[in-house]
Amino acid sequence: KGQGYALCKRILSEYGDTHVYLCSRDVQRGREAKESLLTDIGCDIHPDRIDVLQLDVTSDVSVQDAMNTVRLNLGPDDKLAGVVSNAGILWGYPLPELMEVCAVGVRRVLDAFVPLCQEEDGRVVVVTSGLGPLMHSYASEEHQTALKSEDCTWDDTISPLITKCISAYETTESSLEERIAAFDKISFPGGPFSDSAPDFHMYGLAKMFGDAYMLHVAKNYPNLRVTSVDPGLVYTDLILKMPRYAGKEIGDTTAQTPEEGVEATMRLLFDDEAGKGDGSGKLYAMKDGKLVFSDIDKMPQKQ
């Protein structure tokens, strides 16, 4: 649904030689999405171009089962042209769940599927948020350096920092003031979001760690194009759960349609130059119709 559905639709309708593995936590909803895609795209698409897979990014078993299915379907000679890690939750979720989907889930998906990519020029895209680089920039210099370091790994760097954040969250559930102080103490403050929009603080931290793992994978696979992308504000059920947008039609917001929101991802998957060479390991976004990028501690639209 949302951006994932829009991305599948654009890939299948704009590139006639593509095959899509449509992944859904609920396999029945995935099958329904496939039928909707076939109807929306029309007679130009053959049903065999879409395979539906059950995939829950919070489950090791689910991700591994999906990967094994893809590996068997590909056979010994074929590889994936690209992988998109798109799962996300946003408003109203506790930090442990946000971390499980937006950080640990990214690791599960990339660890499982990146080895199935074309060894030369395969594309890997992690859908993130501009709140990730914001939280990165608010963190202490020590944390910023660690997350961008050549030595940054999941086990030695990212996972211990996630554990610190979850501990700070779970030990301060009774008071926002205590929680703000706890995150200040571990040097992961939320800037102006700490008290005005604490959900954004927590969400941004989870996205920050997902971006850090993207960078780690980019360094380990120098022949691939591994990137994160900030789609900006997109009209999906993610933002409709936020009080500011609840009940509003798209025309009453500044949000993009899902089809517009996946433009940067489409370019990273298909453009000849996007994400190439030194452009791997970067964070991308659209700005004035152009694809722009920055390091993971900066918002590319602001550079």
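Located above this text is the structure these notes cover.
What counts, and at which threshold
Residues numbered from 1 in each chain as written. Predicted model: local features only at pLDDT ≥ 70, side-chain atom pairs only at ≥ 80, totals over all residues. Heavy atoms only, no water. Helix = DSSP H or I, 4+ residues; strand = E, 2+ residues; numbered from the N terminus. Rg over C-alpha atoms; globule rule 2.2 N^0.38 Å. Buried < 20%, exposed > 50% of the residue type's maximum accessible area, 1.4 Å probe, protein only. Pairing = 2+ DSSP bridges. Axes fitted to C-alpha atoms, helices over the stretch in contact; angles between N-to-C directions. Right-handed = clockwise from strand over helix to strand, strands pointing away. Disulfide = S-S within 2.5 Å. Arc of directions from axis to C-beta. Polar contact = N/O pair within 3.5 Å; in protein donor to acceptor, adjacent residues only side chain to side chain. Core = buried A, V, L, I, M, F, W, Y, C linked by side-chain atoms within 4.5 Å. Contact = heavy atoms within 4.5 Å.

When helices and strands are tallied, the protein chain shows 13 helices and seven strands. Relative to its length of 303 residues, the protein chain is compact, with a C-alpha radius of gyration of 19 Å against a globular reference of 19 Å. The dimensions of the protein chain, computed from C-alpha atoms along their principal axes, are 55 × 45 × 40 Å. Looking at the protein chain as a whole, 50% of its 303 residues are labelled buried.

As a further point, take the sheet that holds strand β3 (residues 82-85). Backbone-to-backbone hydrogen bonds pair the strands of a sheet. The strands run either parallel or antiparallel. Reading across from one edge, β3-β4-β5-β6-β7 is the order of the five strands in this open sheet, with mixed pairing throughout. Both edges of this open sheet fall to β3 and β7 (290-294), since each of them pairs with a single strand only. Direction aside, neighbouring strands of the sheet carry axes that sit 30° apart on average. Sheet topology places strand β5 (residues 225-229) next to strand β6 (residues 283-287); two bridges connect them, and they run parallel. Paired with V229 across the strands is Y284, a residue of β6.

Moving on to the pairing of strand β1 (residues 20-24). Judged by how many residues are buried, β1 sits mostly within the fold: four of five residues are covered. In this structure, β1 lies alongside strand β2 (residues 50-54), joined through five bridges in parallel fashion. In the sheet register, S24 faces β2, and the bridge partner there is Q54. One crossover worth recording links β1 to the parallel β2 by way of helix α2 (residues 27-41), and it is right-handed.

Moving on to the state of the cysteines. Scanning the entire structure with this criterion turns up zero disulfides. With no disulfide of its own, C102 lies 14 Å from the sulfur of C165, the closest cysteine sulfur. C165 gets classed as buried once you look at its relative accessible area, which sits at 0%.

Moving on, we get to helix α8 (residues 176-185). Every buried residue of α8 is listed here: R179, A182 and F183. Along α8, the residues classed as buried sweep out an arc of 95° about the axis, all on the same side. Exposed and oriented more than 90 degrees from the buried face of α8 are E177 and K185. S187 sits one or two residues past α8 and shows a positive phi near 70°.

Its place among the elements puts S175 in the loop between α7 (154-170) and α8. When its relative accessible area of 18% is taken as the criterion, S175 is described as buried. Side chain to side chain, S175 and E177 meet in a polar contact 3.3 Å long.

Among the nonpolar cores identified, the biggest contains 69 residues, and F113, F183, F188 and F209 are the most heavily contacted of them. Counting residues per element, the ones that place at least two in this core are α3 (60-74), α4 (95-113), β4 (123-127), α5 (131-138), α7, α8 and α10 (198-220). The biggest single contributor to this core is α10, with 13 residues. Apart from the residues lying within four places of it in its own chain, the contact partners of F113 are L55, V63, A66, M67, V70, L80 and V83. Core analysis: the next-biggest nonpolar cluster, separate from the first, contains 24 residues, L12, L37, V125 and V127 among them.

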